[in-house]
Amino acid sequence: GAGVSQSPSNKVTEKGKDVELRCDPISGHVSLFWYQQALGQGPEFLTYFQNEAQLEKSRLLSDRFSAERPKGSFSTLEIQRTEQGDSAMYLCASSLTALGLGELFFGEGSRLTVL
Amino acid sequence: QKEVEQNSGPLSVPEGAIASLNCTYSDRGSQSFFWYRQYSGKSPELIMFIYSNGDKEDGRFTAQLNKASQYVSLLIRDSQPSDSATYLCAVNNNYGQNFVFGPGTRLSVLP
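**Student:** I would appreciate a short explanation of the interface of chain A and chain B in the present structure.
**Tutor:** By a widely used convention, the size of an interface equals the accessible area lost when the partners come together. Listed per partner, the contact involves 21 residues of chain A and 17 residues of chain B. A combined buried area of about 1,700 Å² lies between chain A and chain B, and 54% of that area is made up of carbon and sulfur atoms. Joining chain A to chain B, the criterion identifies zero salt bridges. For the interface between chain A and chain B, the tally reads six residue pairs in polar contact (both at pLDDT 80 or more). Those elements that provide at least two residues to the side of chain A that touches chain B are β4 (31-37), β5 (44-50) and β6 (53-57) of chain A. Per element, the largest residue contribution to the side of chain A that touches chain B is three residues, and it comes from β4 of chain A. Of the residues contributing to the side of chain A that touches chain B, the split by class is eleven nonpolar, seven polar and three charged.

Dropping the structure here:
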């Protein structure tokens, strides 16, 4: 389809393991965002890319989290040494314009469960 | 103080009534305001955006913005059971590269 694609849709891992989540934004979209959404909460901003440049990263983001968008297209979010508190839905969103001035289009998310 | 605040609800209204959802924000530099709807287990989808003070209508939905009061609301007329979802308010200040979301208000429309 032509929407934002995220994989895997579900990931169960053990505490201490590393995980990598992938996002394929809508083709041609300049802005790409990662959010973390805990159950019953609103999405919490993690990081923002404008093309391949990571322009903003949440101050709340642990050093265990890192993200890349190497060619300005797909992006990966890596979580090292996962903790149970990392269990959440990870949402990726893209926008056609820079600075996120336009509508955000969300993927279906990657649900991470850390046992 | 959180940057974007909403009542978590649940807000229950009867079918056919007007549902009123409210949102306040703390950053006076905020320029763009968005309402997203999120069904349980699904990703958020855009309902409306508003940039200027006043009202903006789109079908059964009306967004209202008051920058002086740092307040944005969403009215849903003729509420339907299919409107039952969590409504997320999002704010973007145009110079900071992020959208900040509120915690969401859960709306339940009773048939």
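This is not the end of the story, as more comes after the structure.
**Student:** Could you clarify how one ought to interpret the sheet that holds strand β6 (residues 54-58) of chain B in this entry?
**Tutor:** Residues and elements named next belong to chain B. Spatially, β1-β3-β8-β7-β6 is the arrangement adopted by the five strands of the open sheet, whose pairing is antiparallel. If you trace the sheet from one side to the other, it starts and ends with β1 (4-5) and β6, each paired once. Sheet topology note: the β1/strand β3 (residues 19-25) ladder contains two bridges and is antiparallel. In the sheet register, Val4 faces β3, and the bridge partner there is Tyr25.

**Student:** In this structure, what is going on with the state of the cysteines? I would like to understand it.
**Tutor:** One covalent bond between the sulfur atoms of two cysteine residues makes up a disulfide. All names here are of chain A. All told, the structure shown has two disulfides over all chains when counted by the stated rule. In this model, Cys23 is linked to Cys92 through a disulfide, with the two sulfur atoms separated by 1.9 Å. Judged by the sign of its S-S torsion, about -65 degrees, the bond between Cys23 and Cys92 is left-handed. Placement of the pair is Cys23 in strand β3 (residues 19-24) and Cys92 in strand β9 (residues 88-95), with a sequence separation of 69 residues. Accessibility assignment for this pair places Cys23 and Cys92 in one class, buried.

Conventions and cut-offs
- Residues numbered from 1 in each chain as written.
- Chains lettered and ligands numbered in written order.
- Predicted model: local features only at pLDDT ≥ 70, side-chain atom pairs only at ≥ 80, totals over all residues.
- Heavy atoms only, no water.
- Contact = heavy atoms within 4.5 Å.
- Buried area = accessible area lost by both parts, 1.4 Å probe.
- Salt bridge = Lys/Arg side-chain N within 4 Å of Asp/Glu carboxyl O.
- Polar contact = N/O pair within 3.5 Å; in protein donor to acceptor, adjacent residues only side chain to side chain.
- Helix = DSSP H or I, 4+ residues; strand = E, 2+ residues; numbered from the N terminus.
- Nonpolar A, V, L, I, M, F, W, Y, C, P; charged D, E, K, R; others polar.
- Pairing = 2+ DSSP bridges.
- Disulfide = S-S within 2.5 Å.
- Buried < 20%, exposed > 50% of the residue type's maximum accessible area, 1.4 Å probe, protein only.

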